Amino acid sequence: MLTHNQLELLSFIKSRLDASGVPPSYDEMKDAMNLASKSGIHRMILALCERGFIRRIPDMARAIEIIIDPYDRGPADGWGARERVSEYLQVLVRENQELRRKIKALQGAA
């Protein structure tokens, strides 16, 4: 779930990408969101990354890619949000099962 401000920022990024093909700078995002500093934008960008809506490419200026468009029926690359959540949950289940096996092995060795 996104906050109102996160959704507004994501919409702004998408509109700039659609219009020019280039994501906005942090200063442009700060001005569009009427914030006093870029630190608020940085926190919202991190939250959007953590939630899987965007991806940042490290060490590149303005390197933001939209992964899931909340206004679309599917994300930018054609995968549906349900498929992404399902895939993520499957990974978590596998990791959980692997951890349980390791714990049992350690308990048996003690």
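Quantities reported herein were computed from a predicted structural model and do not represent experimental measurements.

## Details of the confidence of the model for the protein chain
Of all residues in the protein chain, 84% have pLDDT values of 70 or greater, and the mean over the chain is 83. Looking across the protein chain, the model is least confident in helix α4 (residues 81–109), with a mean pLDDT of 78, and most confident in helix α2 (residues 26–32), with 94.

## Looking at the packing of helix α1 (residues 4–20) against helix α3 (residues 38–50)
At a minimum axis distance of 10 Å, the contact between α1 and α3 shows a crossing angle of 85°. Put simply, α1 runs roughly perpendicular to α3. Taking contact as the criterion, the partners of N5, Q6, L9, L10 and I13 in α1 are, on α3, I41, M44, I45, A47 and L48. Here the contact of α1 with α3 is built from residues that sort into eight nonpolar, two polar and no charged.

## Examining the pattern of salt bridges
One pass over the structure, following the stated rule, counts seven salt bridges. For R16, the salt bridge goes to E28, with nearest N and O atoms at 3.4 Å. Of this pair, R16 sits in helix α1 while E28 sits in helix α2, placing them 12 residues apart in sequence. For R16, a relative accessible area of 26% translates into the label partly exposed. For D31, the salt bridge identified is with K30, shortest N-O distance 3.4 Å.

Criteria and cut-off values
- Residues numbered from 1 in each chain as written.
- Predicted model: local features only at pLDDT ≥ 70, side-chain atom pairs only at ≥ 80, totals over all residues.
- Heavy atoms only, no water.
- pLDDT = per-residue confidence, 0-100.
- Helix = DSSP H or I, 4+ residues; strand = E, 2+ residues; numbered from the N terminus.
- Axes fitted to C-alpha atoms, helices over the stretch in contact; angles between N-to-C directions.
- Parallel < 35°, antiparallel > 145°, perpendicular 65-115°, else oblique.
- Contact = heavy atoms within 4.5 Å.
- Nonpolar A, V, L, I, M, F, W, Y, C, P; charged D, E, K, R; others polar.
- Salt bridge = Lys/Arg side-chain N within 4 Å of Asp/Glu carboxyl O.
- Buried < 20%, exposed > 50% of the residue type's maximum accessible area, 1.4 Å probe, protein only.

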